[in-house]
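So you can see what is in the structure, the chains are spelled out below.
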Amino acid sequence: MRAGISMIIITGSGRSGTSAVARMVHEAGLPVGHDLIEADESNAEGYFEERGLVVVNDAILNDVGLNEWFAEASRETILDAARARGDAMRELTKTATPAWKDPRLCWTLEAWMELLPKRPRVIVCLRSPSEVAASTLKYYGQVGEEAVRHVEHRWLSEYGRLLEIIGEYGLEAISIEFAALHGDPERAVTPIARFVGRRLDASAVRRDLRHHAAEIPEPMREMYERVRALGRT
């Protein structure tokens, strides 16, 4: 990563359109990685995630117990775990592409910022927590109310932490709603295109891949609206 260049970070709760947004950014000439994780039956269009980034982020989350159900971890705990993996992180940042995408960055973004030459700019993908829960349970083959509560708990925790870091560090950030992306892709990506300074091809959005539609639960609406407000004047 060249000094003075702000990396574009694409993140948000899993199953919220991060892969679709990353694909558009990647194909617009801002690569999101050198070694991208392959597409599979669960994500036929591709994940557009740098393999090394995901490996390190997943290791940090495992180290602090965040891959357990209903888990929490303080910022300092995550930073400590990340510093123990500093060598691998420094190697990745030395050759980092202009953009990275990983939902796990909701938790680990602050740790990576210690190594980046300039504060990143953040695209936050946003989807109704009820839709995220339905999609996640299908993805992992889970059922039951406890599984739903776990996903909703994680959704709140991820966006709460992300907003905390964006606010405290004064990061430039913008949100994009999953419903808007799949409802009117051209209109939805226009502000994202301005944010990254590239024309984005909205025709790449697979509108047929939206399999769940659900309202935002009232207890989570305040958080949803706070995230939605990012980048809006």
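Treat the numbers as computed from the prediction; the structure is a model and nothing was measured.

Our focus in this paragraph is the sheet that holds strand E3 (residues 121-126). In spatial order, the strands read E2-E1-E3-E4; together these 4 strands make up an open sheet with parallel pairing. Only two strands of the sheet have a single partner each, and these edge strands are strand E2 (99-101) and strand E4 (173-177). Put simply, the sheet's adjacent strands are angled 15 degrees from each other on average, direction ignored. Bridge count between strand E1 (residues 8-11) and E2: 3 bridges; the pairing is parallel. Note that in E2 the partner of Ile10 across the bridge is Lys101. Where helix H7 (residues 145-169) meets the sheet, it contacts E1, E3 and E4, and its direction lies at approximately 155 degrees from that of E3.

Structural remark: α-helix, 3.6 residues per turn; residues separated by three or four positions point the same way. Residues of helix H3 (residues 75-83) that are buried: Arg75, Ile78, Leu79, Ala81 and Ala82. Each buried residue of H3 sits inside an arc of 165 degrees when the element is viewed along its axis, so together they form one side.

Turning to its location among the elements, Thr108 is positioned in helix H5 (residues 105-113). The buried category is assigned to Thr108, whose relative accessible area is 0%.

Looking now at H5. Buried residues dominate H5, accounting for 9 of its 9 residues. Along H5, the residues that are buried comprise Leu105, Cys106, Trp107, Thr108, Leu109, Glu110, Ala111, Trp112 and Met113.

Before going further, it helps to examine the environment of Trp100. Relative to the assigned elements, Trp100 resides in strand E2. Take Trp100: its relative accessible area is 1%, and that puts it in the buried class. Sequence separation between Trp100 and Ser16 is 84 residues; the distance between their C-alpha atoms is 16 Å. The residues contacting Trp100, other than those within four sequence positions of it, are Met7, Ile8, Ile9, Ile10, Val32, Glu50, Leu53, Leu92, Thr93 and Trp112.

Okay, the state of the cysteines next. Within the structure shown, the criterion is met by 0 disulfides. Cys125 provides the cysteine sulfur closest to Cys106, a residue in no disulfide bond, and the two sulfurs are 9.4 Å apart. Judged by relative accessible area, which is 2%, Cys106 ranks as buried.

To describe a pair of aromatic rings, one takes the distance between the centres and the angle between the planes. According to the stated counting rule, one finds 4 aromatic pairs in the structure shown. Centre to centre, the rings of Trp69 and Phe70 are 6.3 Å apart; their planes meet at 80 degrees, and the pair counts as edge-to-face. The class of Trp69 is partly exposed, set by a relative accessible area of 39%. The class for Phe70 is partly exposed, based on a relative accessible area of 34%. Arranged with centres 5.0 Å apart and planes meeting at 65 degrees, the rings of Trp155 and Tyr159 form a pair that is edge-to-face.

A separate point is the environment of Arg23. In this structure, Arg23 sits in helix H1 (residues 18-27). Classification of Arg23 as buried rests on a relative accessible area of 19%. Once the C-alpha coordinates of Arg23 and Tyr47 are considered, the two residues, 24 residues apart in sequence, prove to be 8.0 Å apart. In this structure, Arg23 is in contact with Glu45, Phe48 and Ala204, ignoring residues within four places of it in sequence.

Moving on, we come to unusual backbone geometry. Look at Arg15: it is not a glycine, yet its phi comes out positive at around 70 degrees. Residues other than glycine seldom take positive phi values, yet Phe48 does so here, at roughly 55 degrees. Note on placement: Phe48 falls in the loop between H1 and helix H2 (51-63). Look at Phe48 and you get buried, because its relative accessible area is 12%.

Quick look at the pattern of salt bridges now. Overall, the coordinates contain 25 salt bridges when judged by the stated rule. Of the charged contacts, one joins Glu164 and Arg75 as a salt bridge, the two residues approaching to 3.0 Å between their closest N and O atoms. Of the two residues, Glu164 sits in helix H7 while Arg75 sits in helix H3, which places them 89 residues apart along the sequence. Using a relative accessible area of 37% as the deciding quantity, one classes Glu164 as partly exposed.

Here is what the cut-offs are and how they apply
Residues numbered from 1 in each chain as written. Predicted model: local features only at pLDDT ≥ 70, side-chain atom pairs only at ≥ 80, totals over all residues. Heavy atoms only, no water. Pairing = 2+ DSSP bridges. Helix = DSSP H or I, 4+ residues; strand = E, 2+ residues; numbered from the N terminus. Axes fitted to C-alpha atoms, helices over the stretch in contact; angles between N-to-C directions. Contact = heavy atoms within 4.5 Å. Buried < 20%, exposed > 50% of the residue type's maximum accessible area, 1.4 Å probe, protein only. Arc of directions from axis to C-beta. Disulfide = S-S within 2.5 Å. Phe/Tyr/Trp six-rings, centres within 6.5 Å; stacked < 30°, edge-to-face > 60°. Salt bridge = Lys/Arg side-chain N within 4 Å of Asp/Glu carboxyl O.

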